[in-house]
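# Architecture at a glance
Below are the chains, spelled out letter by letter.
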Amino acid sequence: MSEFKIHHHVSELFSLLGIQSDAAEKYTETLSESVQRFISTQVSASSAVRILAENAPNPQAFLSKYDELKSRNVRDLDPLVVFLSGLVEDESVRKVVEGSSKLRLQEDGVTLANVPSIVSDIERAAETKLSRDQLNELRDRLLRESQVMHTPSEALQSVERGEKRPLCLGPPIPSWLKNRPYLSLDFVKLENRQEIGALGDVSSTSQEHQLIEDVLSVMMGIEGRYITVQLPTKHYDSPEFTVDPSVEPSLSTLVSRILPLCGYYSQLIRFVENKSCYHHGLVNQALSAAITNLIKDYMLLVTQLEEQHQHWALTLHKLYFYVEKTMAVMDMLACVTRVISKSEAHGGAVLSILHDRTVSLTGCGQLQDVMVFLTQSAAVPYMNILAKWLYRGIINDPYNEFMVVDRESGSEENEDEDLADDYWEKRYTIIPQNIPTFLQVHANVILRTGKYLNVIRQSDHSVVCPHQEELVYSVRDRSYAEVIERTYNFASKRLLELLMKEKDLMGRLRSVKHYFLLDQGDFVVQLMSLCEDELSKNIDDVVPTRLESLLELALRTSAANSDFYKDDIECDLQPITLMTQMLRILSIETEDEREYYPQEERLQLTGLQGFSLGYRVTWPVSLVLDRKTIACYQMIFRHLFYCKHVEKLLCRVWVSNKVAKSFPLSASRTYTAAFALRQRMLNFIQNIEYYMMFEVIERNWQNFINKMQKFKI
Amino acid sequence: MPCEIITLQLGQCGNQIGFEFWKKLCSEHGISPEGTLEDYATEGTDRKDVFFYQADDEHYIPRSVLLDLEPRVIHSIMNSPYAKLYNPENIYISKQGGGAGNNWAAGYSQGERIYDEVFDIIDREADGSDSLEGFVLCHSIAGGTGSGLGSYILERLNDRFPKKLVQTYSVFPNQDEISDVVVQPYNSLLTLRRLTQSADCVVVLDNTALNRIATDRLHLSNPSFSQINSLVSNIMSVSTATLRYPSYMNNDLIGLIAPLIPTPRLHFLMTGYTPLTTDQEVASVRKTTVLDVMRRLLQPKNMMVSTPLDRNTQHCYISILNIIQGEVDPTQVHKSLQRIRERKMAQFIPWGPASIQVALSKKSPYIQSAHRVSGLMLANHTNISALFERTLKQYDKLRKREAFLEQFRKENMFTENLDELDASREVVQQLVDEYVAATTPDYLSWGLTQASTES
């Protein structure tokens, strides 16, 4: 994370918040410090929550909100909380935010001025977590910046897109699914219920028998005679059951112990029905299928119980004993599905929830086995997508479940031009909420693997990973991790080979060094003497074609002629001075810098001041030498070139001075002071050149080469 | 092809060191004695075109002009394996063939006679290069041809090519042994005047020091000419290394010379080289580091100029350029410079910014050296004035006795009077004075006050 980026974002944020303050420097400092802190320490969220609660006007409400969000498994909740607590603790920032939000509230005409604004902001941010609130944006920006190298706006867009898309996915749901409620047994209301008498009037044995029959039917999702059902308001909640009040209390207590099981069953059935729709995605469908399998076993149990019941061999006690184990499993399943439904999880997020649950059940024997089975089944489609991505670099993800998303499919023709600049950063991005937690640590590796494969493919090389294995989820032996690692190694090795061997990246870089870093000194000397007349003109009068041919000549006649890539060099005249260019990049506008802005500079700009080299790079080298990098090289070049020019001028003065040695002594001595001044200037310019070229450029180049050599193929 | 340099070899000594120089360049660039490129050198990224050009059949020809007034040395060159290297049109031997008889005046006046023919050759060479940067002249100042003809050519070069650089490698006579050339002090003085007024940069090669180095440092009991000359050719080749192996900086002659010479007259440079080895000596390979090399370069015993220590004047460096070759890490250079500054190993002029400048240069890939780092120092030191003072003293001794002036009077220049000798003496004396003045802080105003008192 570069300091300039933070700087830029801060100034942008300031303008967004409507703050006219020159203190951007200070905030940049605090921010860059805090960025460090965010990375280095995983601050515990609980203390942050406590701080926030202390500061909130209504701690209870805040805490409950926090718990609710927590239960919904919202991502980045903890970092947000930590960040907000940092905000609250930092006096200066708080004041600014307070002031600005008040201003904003007034502008919006909202009469909430009496609410302490910072806390309201926090609350608002918490409530509208997934909407695009302004503070949310702030949070998103800062947090993303600190964690991944995505540009913040991009991250936001991804959130937006991720939300909008699912609505229009997959084929339409057939209407009979809604018209025919009898397809699954889930307490479909009978229209006409017979009025029956109270059960309490009969003997307790008959009561028990009747109740068992009712319980068994309720277990299958059919309303009993004496156990009635109220369907819940929210589809993921359990229905409520009422037992005939006249039943003996001991029996009724027993029944009410069994009844939750029926609720779990109902929840599961509804979940399966609901999530089988196309737009819920493959993972949810796979999960539904797995649950259906489990329900089948459950049904078997019910049938067996019923058989016993028909032989009068069942009591409520026995029944409870038989279902107790099943109840635990069903409880757990219901709980998981509830979380999934409630958070409207999708794709990778579902797997996250399943995995977290599985891990938390370590040591619970059978329960964990069930969870492993579920997770494994649900992960199958996801793992298939992953395998395709890892082995071929293809995303086949119709329901946006996968963690990697392709931003730009379909326009592969112009990859040599604009695309290359953004390709590495933007083409494929990670959707954080779609990363299953068990793949979290591998997320970047996975992203890169596919990205590499795609680069190789787009360079006209078919590539398929040789050792393809099926990826299977498991809790303990992390076989998938090995596979990921192996494919990553394969892909990166291939890409490295492609770049280093076929495309000769190092050769390219060396040639860039020759020209842009003036390593090829004789070429520069030659170029300078050839182009001198042309470049001393006003920049508008310089003829680019003539310059181009002079450059060509300089290349051919210097030792650069042996460089294989010399033809990729071109002239590039830029209509601004280097100083202005750098100021624009930094976009710092304080009083100190303002005075450097020249007025109407274009009028006075000579060709020399605007002269720079360009470099044509082709895919896939353009991934490394993208436009931004070349621009950096250009800036270095312009500075060095100008220094060289000054040195040349001073040397020319020296040559014109040499005539003085044949002057008579009295005449030549008067010049001594002038000579000394010239020498001082020459000394300075040569020393600064030496410093820049040998102590900065050459040293870093050596470091770079050493690093590159370590990663030999 | 920018920055070409034409080499002129004058007289016996000049042709001998020139011969060694070209031998050295050929081996460094992988060029065979016949001028063809060796098989292993075809991929080179070095710049051969500064000193060579290619004939129609692609073989390399040195930009070199060989001049002598007597045929002996040039004939021996033409009988060597390198005979085919040179362009035969560039070899000029005076038709009289009698030589200059170790007489400056004879050499100078013969120069006038052969002017047209010599400058035909030089002009042709100059026109053959795209952007000629300058001339390098090899000669000795003691004999007749190198000093006399050399002086004449220096003056004419300055007239004809006022914007080109003229660098000379001038061999100063050995003071330790009695010379068979009795008029040596006259010759030296007269040549020194031309070197002061017409050359832009003089690399002083002091035979006294070269012999001393050969005996003391290389342990050669009786150093031969060719052994001494290989020392010289080594210096010449290293000092042009940055031109031939282009890197970030110092890629033209002017960029090398200009920082060394702040004021036009003070252009006499000393050299030093380390580590010194001979072909016979392989055993004494020592560990070379940048600091070690730079420190050795500052030691007087490694300097190729012998100057007596003068306690009265605070002699100091006007400028230093160290050309370091080999596997060098820029950080080491930085640290070494710092160390040298801390220990105050080098005294610099008080009137201007001065420091040790460093040029890092590549080595020829075709020559294996036992040492990792080697260095050449080009230094402008005020102490060199002692050398001129010595010449003046010897001249005064002879002149007082009016000795050996007859041979000079035979030539046109001296038939009427000996003003030329007096004028030369004044010029050299002024040069010595200026060097001494350069050790003081008020050097910059020295000229002005003196000028104002004179007027």
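Report on the accompanying structure. All values derive from a computational prediction rather than experimental measurement.

## Some remarks on the packing of aromatic side chains
Residues and elements named next belong to chain A. Applying the stated criterion to the full structure yields 40 aromatic pairs over all chains. Relative to Y633, the ring of F516 has its centre 6.1 Å away and its plane inclined at 45 degrees; by these criteria the two rings are tilted. Of the two residues, F516 sits in helix α20 (residues 505-516) while Y633 sits in helix α28 (residues 627-657), which places them 117 residues apart along the sequence. By relative accessible area, F516 is classed as buried at 0%. Residues W701 and F704 carry aromatic rings whose centres are separated by 5.7 Å and whose planes lie at 50 degrees to one another, so their mutual orientation is tilted. Of this pair, W701 and F704 both sit in helix α30 (residues 672-710), three residues apart, which is roughly one turn of the helix. For W701, a relative accessible area of 11% puts it in the buried group. Of the residues examined, F704 reaches a relative accessible area of 29% and is grouped as partly exposed.

## Some points on the nonpolar core
As a rule of thumb, nonpolar side chains are buried together in soluble globular proteins. Ranked by internal contacts, the top residues of the largest apolar core, which has 306 residues, are M219, L439 and F523 of chain A together with F268 and F388 of chain B. Considering each element in turn, this core owes the most residues, 14 residues, to helix α16 (residues 366-392) of chain A. Those residues within four positions of F388 of chain B in sequence are excluded, and the remaining contacts are F172, L192, F268, V428, L431, V432 and Y435 of chain B. A48, L80, V82 and L84 of chain A belong to the second largest nonpolar core, which has eleven residues in total.

## Description of the packing of helix α14 (residues 316-342) of chain A against α16 of chain A
All names here are of chain A. Contact pair α14 / α16: the axes reach a minimum separation of 10 Å and the direction vectors enclose 40 degrees. When the axes of α14 and α16 are compared, the pair comes out oblique. Every pair of crossing elements has a handedness; the one defined by α14 and α16 is right-handed. Contacts from K325, A328, V329, M332, L333 and V336 of α14 reach α16 at Q366, L367, V370, M371 and L374. Looking at side-chain class alone, the contact of α14 with α16 contains nine nonpolar, one polar and one charged residues.

## Overview of the environment of I340 of chain A
Residues and elements named next belong to chain A. Relative to the helices and strands, I340 resides in helix α14. A residue is classified by how much of its surface remains accessible, and I340, at 0% relative accessible area, is buried. For the pair formed by I340 and A313, sequence separation is 27 residues and the distance between their alpha carbons is 39 Å. Ignoring any residue separated from it by four or fewer positions in sequence, one finds I340 in contact with F271, K275, N284, L287, A345, V350, I353 and L354.

## Some details on the interface of chain B and chain A
Listed per partner, the contact involves 56 residues of chain B and 49 residues of chain A. Summing the contributions of chain B and of chain A, the shared interface buries around 4400 Å²; its carbon and sulfur component is 60%. Per-residue buried area on chain B facing chain A is highest for Y248, M249 and P264 of chain B; these three make up 19% of the total on that side. If you look at where chain B meets chain A, you find three salt bridges. Of the charged contacts, one joins K661 of chain A and D200 of chain B as a salt bridge, the two residues approaching to 2.6 Å between their closest N and O atoms. Our count for the contact surface shared by chain B and chain A stands at 16 residue pairs in polar contact (both at pLDDT 80 or more). Among the elements that line the side of chain B that touches chain A, the one with the most residues is helix α16 (residues 443-454) of chain B, at eight residues. Grouping the amino acids of the side of chain B that touches chain A by side-chain chemistry returns 29 nonpolar, 17 polar and ten charged.

## Focus: unusual backbone geometry
Residues and elements named next belong to chain B. Between T274 and the following residue, P275, the backbone shows a cis peptide bond with an omega angle of -5 degrees. In this structure, K344 takes a positive phi of about 55 degrees despite not being glycine. On the secondary structure map, K344 appears in the loop between α11 (330-342) and β11 (356-361). Since its relative accessible area comes to 62%, K344 is described here as exposed. Non-glycine residue E402 carries a positive phi angle of around 55 degrees. With respect to the secondary-structure elements, E402 resides in the loop between α12 (385-401) and α13 (406-409). A residue is classified by how much of its surface remains accessible, and E402, at 39% relative accessible area, is partly exposed.

What counts, and where the lines are drawn
Residues numbered from 1 in each chain as written. Chains lettered and ligands numbered in written order. Predicted model: local features only at pLDDT ≥ 70, side-chain atom pairs only at ≥ 80, totals over all residues. Heavy atoms only, no water. Phe/Tyr/Trp six-rings, centres within 6.5 Å; stacked < 30°, edge-to-face > 60°. Helix = DSSP H or I, 4+ residues; strand = E, 2+ residues; numbered from the N terminus. Buried < 20%, exposed > 50% of the residue type's maximum accessible area, 1.4 Å probe, protein only. Core = buried A, V, L, I, M, F, W, Y, C linked by side-chain atoms within 4.5 Å. Contact = heavy atoms within 4.5 Å. Axes fitted to C-alpha atoms, helices over the stretch in contact; angles between N-to-C directions. Parallel < 35°, antiparallel > 145°, perpendicular 65-115°, else oblique. Left-handed = near helix turned anticlockwise from the far one by under 90°. Nonpolar A, V, L, I, M, F, W, Y, C, P; charged D, E, K, R; others polar. Buried area = accessible area lost by both parts, 1.4 Å probe. Salt bridge = Lys/Arg side-chain N within 4 Å of Asp/Glu carboxyl O. Polar contact = N/O pair within 3.5 Å; in protein donor to acceptor, adjacent residues only side chain to side chain.

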